[in-house]
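Observations on the model geometry
Letter by letter, the chains look like this.
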Amino acid sequence: MSDPGVSLKELENRALTDLHGVGEQTSASLSKVGINTILDLISYYPRRYIDRSKEATVDSLQSGEEGMVLVNIEKVRSRKMRSRKTLVEVTASDTTASLKLVFFNQPWRQKQLKEGKDAVVFGKADIYQGKLQMTNPIVDLVGDRTGRIVAVYPQSGIAKLHSWDVDRLVAEALRRVMKVRGFADPVPSEILKRYRLVDRSSAYKGIHRPDSMNEVAEARRRLVFDELFRIQLELLQRKKFIEKNSIGIIHSNEEGLIEVFLERLPFDLTNSQKQVMDEIGKDLQKETPMHRLLQGDVGSGKTIVAVFTILKAVQGGHQGALMAPTEVLAEQHYLGISKLLEELIVPDSTTLLGDRPLQVDILTNRTSTVERKRISRGLEDGTVDFIIGTHSLIQESVSFNSLGAVVIDEQHRFGVEQRAALKEKNKDERIPDILVMTATPIPRTAAMTVYGDLDVSVLDELPPGRIPISTRWEADDTLVWKSVKDEVDSGRQAYVVCPLIEDSEKLQVHSAEEVFNDLSQGPLKDLNLGLLHGRLDKEDKEETMRSFRLGEIDVLVATTVIEVGVDVPNASIVVILDAARFGIAQLHQLRGRVGRGEHPSQCLLVGDATTKEAEERIKAMVRTTDGFELAEVDLELRGEGTVMGERQKGRNDLRLASLRRDKEWVEIARTEASGVLAERDLTSNKELSEEVTLFLGESEADYLLKS
Ligand code: ADP
Ligand code: MG
């Protein structure tokens, strides 16, 4: 490459006023739609394209039917009607016939529709007074562009920006770039070759001024790749940086504790559990701290993996912490785990026999002051091996003798700040290994983009013998309570989930109380009912959960407080009232409260679907119990905005790429980015590195990693 072309960074530094005819006013208009530099301008992509050879002709329009035609504007007339509203009448035509356009109460059309301009109009054709006419059609002005394919840009009435303005400016910008040196292409040419990607000059030309729709497609492939590639480079670069700059603990590979623990489990591990433990085991033996996300559908047995991870640390004389999102869950983990670890022995050279019983404790807001003191001391001197608490555990002032592994249950956000907080827990500032577990299924490619700085393990197998939950959609609750009674009669238990009322816990509690009263006086009056919601105080919550676990309560009427983690294998039916209000992820979690034992279970989704989307959600729930499949449906229905969530703010580099449509490109970008970084630091490719910083500059990248 003798003459490096123009880089995107150079274009970022060029003001719009460098272009012909761009003065203060145009500049201000452009700024309103976020175009401040030449780079912004050429990244302002067409909304769609009009293929002139494919548009319908005016003479083929059918009265009473919708159609889209490209016409030339011949005459524009405006007049006031008796109602004092403005009527704009336009005569337009193509080579086949003429068409009248009528706009009611849109006086600005007179200025917009200049005689001689070309416009694409879309609307319902009618015959009025013997003439073909469209009333209030949608109009896209395409200016006097020639050529077969016309790009239509997003237009903005407020900014007084028309498609042809953008078209003209982009054309000039591109002409200038091409006249000098063309675009620089910092992406290694092997990569371009491997995927038959066009070069950057062709890509920008093809997306803005294509000669065929095929050219648009080629251009899009290239630009989509660029967007995703930059994100992956940034994420992987960060990951490498963190790994290089943090010192963790090399955990021993001795089996002792683990072996005893696994032997005592009343079941065999699933292959998936074995595989994940293997991945974690390898991470733990490295000096770089593990930072791994474990995705596992509800009931896939994540807890065992958590205990395994912590025991690995304990085996080598370190400590482990397991953090849960709620106290109810922390308590449940404590009960379950202390039973699993009963009578386990850990090495301790300070004792006479050289060992002592493994010590598990729980620390929550309910822990008494005396207990709290004892536990804090134990954590500090290393005699408490395994601590269970809520997520706030890391914020507390407790310090550890040597915190070796941290498992965070039911959370997938764990950012830079929390990691930093953990660093302070150890005197020698060694960072513990971190495992983040979530049952919220995220499609693989979305996970790669959103959690690109983590390693990801997946538990994609349920323990054997689980009977798939059967799910029914009931328009009303006539048949529902009979099903609940039948289950209770055969010794099982039930959940009734109350309608979700967004943004008002108070109303939600109110509705839960109402449901509870109605049921206990009406259809379920012979059964023992319990009520659980967020406003109860902790003792009452615990008490209710305890009696439900013990089987003293037959039916637990609850709000979404039971959404995650609650594990009562005897419960075999969950009724979700007003199911249309819940999102897919939530419905899936709630359904996951049953089907956790040997009993066939049911999930009844009650109520009408209020929207088409709600109907799709419920139908998907009825169709499948596979969390990953449901996650795909969710992504399909809601778009990636929700997956990227807050992370989408700021300069969004995903302009063309879609995590949904461009799945295979996410994977390709990941592979190629990791290939580039495996060889050397990104800084050795100055252009590429500059470009990543340009799009995902310091603050953007921090943003991606935090939240
Ligand atoms: P989750 O992944 O939803 O947190 P849990 O860890 O709570 O799942 O496990 C759900 C249930 O499955 C528990 O009762 C647990 O004891 C049981 N379990 C876990 N692993 C296995 C296995 N390999 N075989 C049989 N049962 C298992
Ligand atoms: Mg769990």
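Along each chain, residues carry numbers from 1 onward, in the same order as the chain's sequence is written. The order in which chains are written sets their letters, starting at A; the order in which ligands are written sets their numbers, starting at 1. Two thresholds apply to this predicted model, a pLDDT of at least 70 for residue-level local features and 80 or more for giving and counting side-chain atom pairs, whereas whole-chain, interface and lining totals are computed over all residues. By convention in this description, side-chain values take in all heavy atoms of the structure and omit both hydrogens and water.

What follows concerns the packing of helix α10 (residues 271-284) against helix α11 (residues 302-315). Lines fitted to C-alpha atoms define the axes, with helix axes restricted to the stretch in contact, and inter-axis angles between N-to-C directions lie between 0 and 180 degrees. Under the DSSP-based scheme used, a helix requires at least four consecutive residues in state H or I and a strand at least two consecutive residues in state E, with every element numbered from the N terminus. Two numbers describe how α10 lies on α11: the axes approach to 10 Å, and their chain directions differ by 25°. Relative to α11, the element α10 lies roughly parallel. The handedness of the crossing between α10 and α11 comes out as right-handed. Of the residues in α11, those touching α10 at Gln273, Val276, Met277, Ile280, Gly281 and Leu284 are Ile304, Val305, Phe308, Thr309 and Lys312. Along the lines of polarity and charge, the residues of the contact of α10 with α11 split into seven nonpolar, three polar and one charged. Relative orientations are named as follows: roughly parallel for angles under 35 degrees, roughly antiparallel for angles over 145 degrees, roughly perpendicular for angles from 65 to 115 degrees, and oblique for any other angle. Two helices that cross are described as forming a left-handed crossing if the nearer one is turned anticlockwise from the farther one by less than a right angle, and a right-handed crossing if clockwise. When checking whether two residues touch, look at their non-hydrogen atoms; a contact exists if any pair is within 4.5 Å. Ten residue types, Ala, Val, Leu, Ile, Met, Phe, Trp, Tyr, Cys and Pro, are classed as nonpolar, four, Asp, Glu, Lys and Arg, as charged, and the remainder, Gly among them, as polar.

Here the focus is the nonpolar core. Judged by nonpolar contacts, the single largest core of 86 residues is most densely connected at Leu8, Leu11, Leu41, Ile42, Leu228, Phe229 and Leu233. The biggest single contributor to this core is helix α8 (residues 213-245), with eleven residues. An automatic or database domain assignment provides the domain bounds reported here. Both domain 1 (1-52 + 152-184) and domain 3 (257-285 + 301-438) contribute no fewer than three residues apiece to this core. Apart from the residues lying within four places of it in its own chain, the contact partners of Leu228 are Leu654, Ala657, Leu659, Asp662, Trp665, Val666 and Ala669. Residues enter a nonpolar core if they are buried and are Ala, Val, Leu, Ile, Met, Phe, Trp, Tyr or Cys, with the set joined through side-chain atoms within 4.5 Å. Note on classification: 1.4 Å probe, protein chains only; a residue is buried when its accessible area is under 20% of the maximum for its type, exposed when over 50%, partly exposed between these limits.

In this section: the site of ligand 1. One heavy atom within 4 Å of a molecule or strand makes the whole residue count as near it. Taken together, 16 residues form the shell around ligand 1, and within it Asp268, Gly299, Lys302, Thr303 and Arg466 come nearest. Polar contacts here mean pairs of N or O atoms no more than 3.5 Å apart (in protein, one a potential hydrogen donor and the other a potential acceptor; neighbouring residues in sequence count only if both atoms are side-chain atoms). In this structure, Ser300 approaches ligand 1 through a main-chain N or O atom, which is 3.4 Å from an oxygen atom. Between an oxygen atom of ligand 1 and a side-chain N or O atom of Asp567, the distance comes to 3.5 Å. Relative to its unbound accessible surface of 560 Å², ligand 1 loses 83% to contact with the protein. Of the residues in the shell around ligand 1, the class split is four nonpolar, six polar and six charged. Note on areas: Shrake-Rupley with a 1.4 Å probe; residue coverage comes only from the protein chains shown.

Along its sequence, the chain is carved into domain 1 (1-52 + 152-184), domain 2 (53-146), domain 3 (257-285 + 301-438) and domain 4 (469-624). Centre-to-centre, using C-alpha coordinates, domain 1 lies 55 Å away from domain 4.

Further remarks concern the pattern of salt bridges. Each reported salt bridge corresponds to a side-chain nitrogen of Lys or Arg within 4 Å of a carboxyl oxygen of Asp or Glu. Summed over the entire model, instances satisfying the criterion amount to 40 salt bridges. The closest approach of N and O atoms between Glu234 and Arg238, which form a salt bridge, is 3.5 Å. Of this pair, Glu234 and Arg238 both sit in helix α8, four residues apart, which is roughly one turn of the helix. Overall, the relative accessible area of 18% leaves Arg238 in the buried class. Taken together, the shared-partner salt bridges in this structure form one network comprising Asp185, Arg200, Arg222, Asp226, Arg230 and Glu691.

Position of Arg591 among the secondary structure elements: in helix α19 (residues 584-591). Charge convention: Lys and Arg are scored as positive, Asp and Glu as negative, and His as well as the terminal groups of each chain are ignored. With no salt bridge to any partner, buried Arg591 finds its closest opposite charge in Asp297, at an N-O distance of 7.7 Å. Look past the residues within four positions of Arg591 in its chain and what remains in contact with it is Ile469, Thr471, Val574, Cys603, Met621, Thr624, Thr625 and Leu630.

Moving on, we get to the sheet that holds strand β19 (residues 493-497). For sheets, the rule is that strands pair by backbone hydrogen bonds, running either parallel or antiparallel. Whether two strands pair comes down to DSSP finding at least two bridges between them. Ordered in space as β18-β23-β22-β19-β21-β20, the six strands form an open sheet in which the pairing is parallel. Lying at the two open borders of the sheet, with one neighbouring strand each, are β18 (470-474) and β20 (529-532). Put simply, the sheet's adjacent strands are angled 20° from each other on average, direction ignored. Contacting β19, β20 and β21 (555-558), helix α17 (residues 505-521) crosses the sheet at an angle of about 175° to β20. Packed onto the sheet, helix α18 (residues 538-550) meets β19, β20, β21 and β22 (571-576) and runs at close to 140° relative to β20.

Within a regular beta strand, the side chains point alternately toward one face of the sheet and then the other, so they alternate between its two faces. Counting buried positions along strand β9 (residues 291-296) gives six out of six residues, so the element sits mostly inside the fold. Along β9, one buried face is formed by His291, Leu293 and Gln295 and the opposite face, lined by Arg292, Leu294 and Gly296, is buried too. In this structure, β9 lies alongside strand β16 (residues 433-438), joined through five bridges in parallel fashion. For Arg292, the partnering residue across the bridge sits in β16 and is Leu435. Where β9 meets strand β17 (residues 455-459), five bridges bridge the pair, whose relative direction is parallel. Residue pairing for β17: Arg292 is matched across the bridge by Asp455.

As a further point, take the packing of aromatic side chains. The relative placement of two aromatic rings is captured by the distance of their centres and the angle of their planes. Two aromatic rings from Phe, Tyr or Trp, using only the six-membered ring of Trp, form a pair when their centres are within 6.5 Å; if the ring planes differ by under 30 degrees the pair is stacked, by over 60 it is edge-to-face, and anything between is tilted. The tally for this structure, following the rule as stated, stands at six aromatic pairs. Aromatic pair Phe183 and Tyr204: ring centres 4.7 Å apart, planes at 20°, arrangement stacked. Placement of Phe183 in the loop between α5 (163-180) and α6 (189-194) and of Tyr204 in helix α7 (residues 200-208) is noted, with a sequence separation of 21 residues between them. For the pair Tyr195 and Trp665, a centre-to-centre distance of 6.0 Å together with 65° between the ring planes defines the contact as edge-to-face. Linking Tyr195 in the loop between α6 and α7 with Trp665 in helix α23 (residues 663-679), this pair joins segments that are 470 residues apart in sequence.

With respect to the secondary-structure elements, Thr309 resides in helix α11. For Thr309, a relative accessible area of 1% gives the class buried. Separated by 2.8 Å, the side chain of Thr309 and the backbone oxygen of Val305 make a polar contact. Beyond its immediate stretch of four places on either side in the chain, Thr309 contacts Ile280, Leu284, Met290, Ala405, Val407 and Leu435.

Before going further, it helps to spend a moment on a negative patch on the surface. Without a salt bridge and with relative accessible area above 30%, a residue can belong to a patch; like charges are then joined within 9 Å and nonpolar side chains (Val, Leu, Ile, Met, Phe, Trp, Tyr) within 5 Å. Note that the charge is assigned to NZ on lysines, CZ on arginines, CG on aspartates and CD on glutamates. Negative charge collects at one region of the surface, where Asp537, Asp540, Glu543 and Glu552 lie side by side. Judged by relative accessible area, which is 46%, Glu552 ranks as partly exposed.

A separate point is helix α12 (residues 327-340). Multiply 1.5 Å by the residue count of a helix minus one, and that product is the helix's expected span. Given a rise of 1.5 Å per residue, 14 residues ought to cover 20 Å, and the 20 Å separating the end C-alpha atoms of α12 matches this to within 8%. Buried-residue contacts for α12 involve α11, β10 (319-324), β13 (360-363), β14 (386-390) and α18.

Taken together, seven strands build an open sheet; the order of strands is β13-β14-β10-β15-β16-β9-β17 and the sheet is parallel. Each having just a single partner strand, β13 and β17 make up the two edges of the open sheet. The sheet shows a mean angle of 20° between the axes of neighbouring strands, taken without regard to direction. Taken together, the four bridges between strand β15 (residues 403-408) and β16 define a ladder with parallel strand orientation. Opposite Ile408, over in β16, you have Val436 as the bridge partner. With respect to the sheet, α12 is in contact with β10, β13 and β14, its orientation differing from that of β14 by roughly 155°.

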